[in-house]
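Chain by chain, the residues:
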Amino acid sequence: FADYALAQSTDPHPVLAEDERYWLSRFSGEVPVLELPSDRPRPARRSFASSREDYQLDRALVDALRALGAKRGFSLFATLLASFSGLLSRLSGQSEVVVGIPAAGQALDGHDHLVGHCVNSLPLLFEMDMSKPVTYALEQAQSTLLDAIEHQRYTLGTLLRKLKVGRDPSRLPLISVMFNIDQALEQQRHALQGLELDFDTNPRSHENFELFVNAVQVEGGLRLECQYNTALFDGSTIRRWLGYWRTMLEAMVAEPEQAFGRLALLSETERWQVLEKWNDTEIDYPHDRCLHELIEAQVERTPHAAAVVSDGRNLSYAELNARANRLARHLRTLGAGPDQRVAICAERGAGMVVALLAVLKAGAAYVPLDPTYPADRLAYMLRDSAPSVVLTQSHLQELLGDAPRSVLLLDAASPPWASEEGGNLERAGLDSSHLAYIIYTSGSTGQPKGAMNEHRGIVNRLLWMQDAYRLGADDAVLQKTPFSFDVSVWEFFWPLMTGARLVMARPEGHKDPAYLADIIQREGITTMHFVPSMLHVFLESAQRSEAGKLRHVMCSGEALPASLAARFHERLPAVELHNLYGPTEAAVDVTAWACVAGGDGAGVPIGRPIANTRMYVLDAFGQPVPMGVAGELFIGGIQVGRGYHNRPELTAERFLSDPFAREVGARMYKTGDLGRWRHDGSLEYLGRNDFQVKLRGFRIELGEIDTRLETHPGVAQAVVIARQDRPGDMRLVAYVSTRTAAALDPAALAEHLKSGLPEYMVPSHFIVMDAIPLSPNGKVDRKALPAPDTTV
Ligand code: AMP
Ligand code: MG
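Summarised in this report is the structure supplied together with it. (Residues numbered from 1 in each chain as written. Chains lettered and ligands numbered in written order. Predicted model: local features only at pLDDT ≥ 70, side-chain atom pairs only at ≥ 80, totals over all residues. Heavy atoms only, no water.)

Thoughts on the packing of helix α17 (residues 532-541) against helix α18 (residues 562-571)
Thought 1: In contact at an axis separation of 10 Å, α17 and α18 are set at 35 degrees when each is read in the N-to-C sense. The interaxial crossing formed by α17 with α18 has left-handed handedness. Taken together, the residues of α18 that come into contact with α17 (itself represented by Pro532, Leu535, His536, Leu539 and Glu540) are Leu564, Arg567, Phe568 and Arg571.
Thought 2: Looking at the contact of α17 with α18, its residues break down into five nonpolar, one polar and three charged. (Axes fitted to C-alpha atoms, helices over the stretch in contact; angles between N-to-C directions. Helix = DSSP H or I, 4+ residues; strand = E, 2+ residues; numbered from the N terminus. Left-handed = near helix turned anticlockwise from the far one by under 90°. Contact = heavy atoms within 4.5 Å. Nonpolar A, V, L, I, M, F, W, Y, C, P; charged D, E, K, R; others polar.)

Digging into the sheet that holds strand β30 (residues 715-726)
Thought 1: Within the open sheet, the three strands sit side by side as β30-β31-β32. Their pairing is mixed. Pairing within the sheet leaves two strands with one partner each, and these edge strands are β30 and β32 (765-769). Sheet twist, expressed as the mean angle between neighbouring strand axes with direction ignored, is 25 degrees.
Thought 2: Sheet topology places β30 next to strand β31 (residues 729-738); nine bridges connect them, and they run antiparallel. (Pairing = 2+ DSSP bridges.)

Digging into the site of ligand 1
Thought 1: Surrounding ligand 1, one finds 15 residues, the nearest of these being Leu580, Thr584, Asp673, Lys694 and Arg699.
Thought 2: Interatomic distance of 3.1 Å between a backbone N/O atom of Gly557 and a nitrogen atom of ligand 1.
Thought 3: In this structure, a nitrogen atom belonging to ligand 1 sits 2.9 Å away from a side-chain N or O atom of Asn579.
Thought 4: Relative to its free-state accessible area of 490 Å², ligand 1 is covered by the protein chains to the extent of 95%.
Thought 5: Examining the composition of the shell around ligand 1, we find that three residues originate from one element, strand β19 (residues 576-581), more than from any other.
Thought 6: In terms of residue class, the shell around ligand 1 is built from six nonpolar, four polar and five charged. (Near = heavy atom within 4 Å. Polar contact = N/O pair within 3.5 Å; in protein donor to acceptor, adjacent residues only side chain to side chain. Areas by Shrake-Rupley, 256 points an atom, 1.4 Å probe, with all protein chains shown as cover.)

Examining the side chain of His292
Thought 1: Note that His292 resides in helix α10 (residues 291-301).
Thought 2: Classification of His292 by relative accessible area gives buried; the value is 4%.
Thought 3: A distance of 3.4 Å separates a polar atom in the side chain of His292 from the backbone oxygen of Leu360.
Thought 4: Setting aside its immediate chain neighbours within four residues, His292 contacts Leu357, Leu360, Lys361, Leu430 and His455. (Buried < 20%, exposed > 50% of the residue type's maximum accessible area, 1.4 Å probe, protein only.)

Things to note about the packing of helix α11 (residues 317-333) against helix α12 (residues 350-362)
Thought 1: Closest axis-to-axis distance for the α11/α12 pair is 7 Å, and the angle between their directions is 55 degrees. Of the possible angle classes, the one that applies to α11 and α12 is oblique. Here α11 and α12 pass one another in a crossing that is right-handed. The residues of α12 that touch α11, namely those facing Leu320, Asn321, Arg323, Ala324, Asn325, Leu327, Ala328, Leu331 and Arg332, are Val353, Val354, Ala355, Leu357, Ala358, Val359, Lys361 and Ala362. (Parallel < 35°, antiparallel > 145°, perpendicular 65-115°, else oblique.)

Shown next as structure tokens:
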């Protein structure tokens, strides 16, 4: 053993040099860090507390697996390794996975009688291509395994030194998961002939690795002994994973030519749980109603109650209704009707509410045009939506250019509709599958895209909201979200269908916490919305007493940090906080969660699907992923919108047919959001899978800014990223390379953007570079983009 140890430590060693070359070339790229979905956040310091779950694979399956490999010359070990790495890849969502195997050492040239501890851990790197067939994965595993064994003398410690793997106190470097197969038992049986022999090991209470799977060959098949780190995982999770593994092994045997990533993983029960049980949201709402009809019904119930409060003046339900009816009649004479569009460019106020309601009553869809947007953008939205009429106010008229179309001034002294009749209109061909509104959101190709929403979707959303949170005559809702964002849709219409008061904040009022605190008091606001970043600002400036009558705060638009929710409960203990989630493409919100004080320390979930809505968490092959595993969020059910106006390709890309729904023709929306199911059937939000970001609640496709910058004559290439160099301080930074030798003036670039983009899309920093750094694959190397000087 001494000779052996000496040989091991003699460096350079001719044989070892060859081994070294092998291992260094295996890990020439970035060393992957396996991120298995843990039940608890990973502790800052690695711990060793461990427990074990055992799982039995029956003999028939093991024999079939052996036969599957044997037919192609692969060992059972290789077959199990392939499937194990495939399981890890699907659990982690990572395509590169390192699995360690122990090599005994004694098997080497004449060492078979050597007594001593010669074990070395070999890191096997699997580069998974889940679209290739099972047999390909087996072949890959077999050659990876044989190569590793051939080069097993090279120790892991030496490799780690050479690779300069960064050390992280929360995890082991390179190998965090081990796999071993115990094949020695048959031999031991022979050695002890005549004795009844049973060989077993106790679970360890201490284990270095996050997972250590030991496959033991036993009488009835194979026992998978799975040691796991208890700080990270629950036994029930490990048992589930072993179940997935078995399901996958069975599928491998049944369909060896199937794409590796398409093998079944979930048991029937669990598939039912994620697809059906947690989506059991059916409620029998009147799906044939139109949005404005909900309000007309309320007008009947409380005609004299205050409906809209604006600038200290009240408009009763009856007045609001009559004014909207008159305008609606006039709109119809100008061609407004089902699926036609009417654009509204107005400041917040009572006139805006009349206009919105009138467009719906006319049977058309409203298109909000924010008067703070630059003329270029408004012109594009007008061209794209091609409205039959534009409603605006006299001081905003010039924003709209002079394209030929009917423009009506909402503030005209004696408008042409003043003499129209004030009673409700007939439907005139309208039904709940017609469009109610089109809202434009940032688009990655350089122009915004109009998300089309139908009456039945938004009606469902509002009926659910009333079921869930109950507004009544004593309630007042603050309308402060710019009407070009869909949160405003519930702010407007929910109070008006329930007899509550709709209180209009002054224009730009949503940006001013002191004003908000004041109006909450003054108007007795009971319900309002915040994007989390604004809620933060509000809480830090608000006094406890300023909650007034506030009862419900709805948060949505971006991730709600647990720390902010905790702060909220501390500051406003009597107020309920709700986290809602949903894209403009699916009638505002599709999941909801009631936050509770002293939550469980993990992030705030986005909750469960709301009425008549289904949520799916799918992998790259469109299959449901197991609970706890990250996937893309898809939305099914009645709220899925019609698509993007005039954008059939983009619509086809994002609005897919829903393979899990019972109704024929059902569609689902592909969100680009990442999420996972929690054990309780609620969803957790995990970020985006593209370059869409949220900045102070504003939805921004970074590609839209890049494209706009590249239309500047001096710009060769532009990349905008949202960076958070200081906690809580997210900002847009533009990296620009020049076409000309002349210096580019950042102020000129900002001006160029301001002529086409809303303020919130203009980066706060511009960095002009000779060239944008590219990575070997030709893509922008985002990591090589410098942070702007944070002290400036
Ligand atoms: P919007 O269309 O403006 O509502 O933006 C929709 C996007 O905002 C979603 O696709 C998410 O990326 C993000 N989002 C909305 N609500 C939430 C939420 N409660 N938590 C995390 N992200 C959210
Ligand atoms: Mg939303």
